[in-house]
Amino acid sequence: MPTGRIAVSMATIGLGALQLGGVALAAPAGNAGGVDGTSCTDARIKACVDLSENRAWLLDGQGTVVYGPVTNSHGAEGHETPPGDYIIQRKERHHVSQEYEGSPMPYAVFFDNEGRAFHGGSTDRQSAGCVRLGPDDAKRFFEHLDPNDRVQIVE
């Protein structure tokens with residue numbers, strides 16, 4: 001092998017190993033298939049939500065975490081937050097829910113056509129399908145995400 005060069009092969013998905021100059025390196029625990037330590041698998045995303053762990057991250061759209069993980073709450077039984085891949089639709093700094101008795105949804109970032117959004121509020125209780133974040137985290141998500149950005153929500 002030439003001096004100063006290292007041969008690197010692609011990571012083996014599912015096996016969680018990387019070949020580096022003929023030496024296999026194990027992937028970090030809890031990161032099997034995840035992008036930069038998240039539970040999501042699409043490197044093009046700008047936000048990742050893990051419903052089972054109540055964690056969320058912001059990413060740069062190229063596979064690198066720029067913020068998080070942060071705590072979140074999501075939809076209660078009967079109002080579940082569905083896993084899937086979404087595109088940010090719109091943002092409203094001072095949104096008030098018409099569906100749920102005028103509930104404030106500060107820093108709302110809508111990710112589907114059903115009114116589900118990232119927004120600020122208490123993470124101590126479940127939502128009606130939205131991804132609720134603490135006030136500072138909601139502001140950070142609002143500032144980072146823009147319409148047409150990709151979001152992935154996993155169980």
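Placed above this text is the structure.
Presented here is an overview of the structure given in this document.

Taken in spatial order, the 9 strands of this open sheet run 6-11-3-4-5-10-9-8-7, and their pairing is mixed. For this open sheet the edge positions go to strand 6 (84–87) and strand 7 (90–96), each flanked by a neighbour on one side alone. Geometrically, the sheet is characterised by an average inter-axis angle of 25° between neighbouring strands, direction not taken into account. In this structure, strand 4 (residues 55–59) lies alongside strand 5 (residues 65–73), joined through 4 bridges in antiparallel fashion. What sits directly across from arginine 55, in strand 5, is threonine 71.

What the rule picks out here adds up to 4 aromatic pairs. Here phenylalanine 111 and phenylalanine 118 contribute two aromatic rings whose centre-to-centre distance is 5.3 Å and whose plane-to-plane angle is 55°, an arrangement assigned as tilted. Under the relative-accessibility criterion, phenylalanine 111 is labelled buried at 1%. When its relative accessible area of 1% is taken as the criterion, phenylalanine 118 is described as buried. Among the aromatic residues, ring-to-ring pairing joins Tyr86, Phe111, Phe118 and Phe141 into one connected group.

All right, on to the state of the cysteines then. A complete count under the given rule lists 1 disulfide for this structure. There is a disulfide in this structure between cysteine 40 and cysteine 48, and the S-S distance comes to 2.1 Å. One disulfide, between cysteine 40 and cysteine 48, carries an S-S torsion of 90° and so falls in the right-handed class. You'll find cysteine 40 and cysteine 48 in the same group, each marked buried.

This part covers the side chain of aspartate 42. Looking at where aspartate 42 falls in the secondary structure, it is placed in the loop between strand 2 (23–26) and strand 3 (47–50). A relative accessible area of 11% means that aspartate 42 is categorised as buried. Looking at aspartate 42, its side chain comes within polar contact range of the side chain of arginine 150, at 3.3 Å. Setting aside its immediate chain neighbours within four residues, aspartate 42 contacts Val35, Arg150 and Gln152.

One pass over the full model with this rule turns up 7 salt bridges. Ionic pairing is found between glutamate 92 and arginine 90, a salt bridge with its closest N-O pair at 3.1 Å. Classification of arginine 90 by relative accessible area gives partly exposed; the value is 37%. Residue aspartate 112 pairs with arginine 116 through a salt bridge whose shortest N-O separation is 2.6 Å. Linked through salt bridges whose partners overlap, the residues forming this network are Asp42, Arg44 and Arg150.

About the cut-offs
- Residues numbered from 1 in each chain as written.
- Predicted model: local features only at pLDDT ≥ 70, side-chain atom pairs only at ≥ 80, totals over all residues.
- Heavy atoms only, no water.
- Pairing = 2+ DSSP bridges.
- Helix = DSSP H or I, 4+ residues; strand = E, 2+ residues; numbered from the N terminus.
- Axes fitted to C-alpha atoms, helices over the stretch in contact; angles between N-to-C directions.
- Phe/Tyr/Trp six-rings, centres within 6.5 Å; stacked < 30°, edge-to-face > 60°.
- Buried < 20%, exposed > 50% of the residue type's maximum accessible area, 1.4 Å probe, protein only.
- Disulfide = S-S within 2.5 Å.
- Polar contact = N/O pair within 3.5 Å; in protein donor to acceptor, adjacent residues only side chain to side chain.
- Contact = heavy atoms within 4.5 Å.
- Salt bridge = Lys/Arg side-chain N within 4 Å of Asp/Glu carboxyl O.

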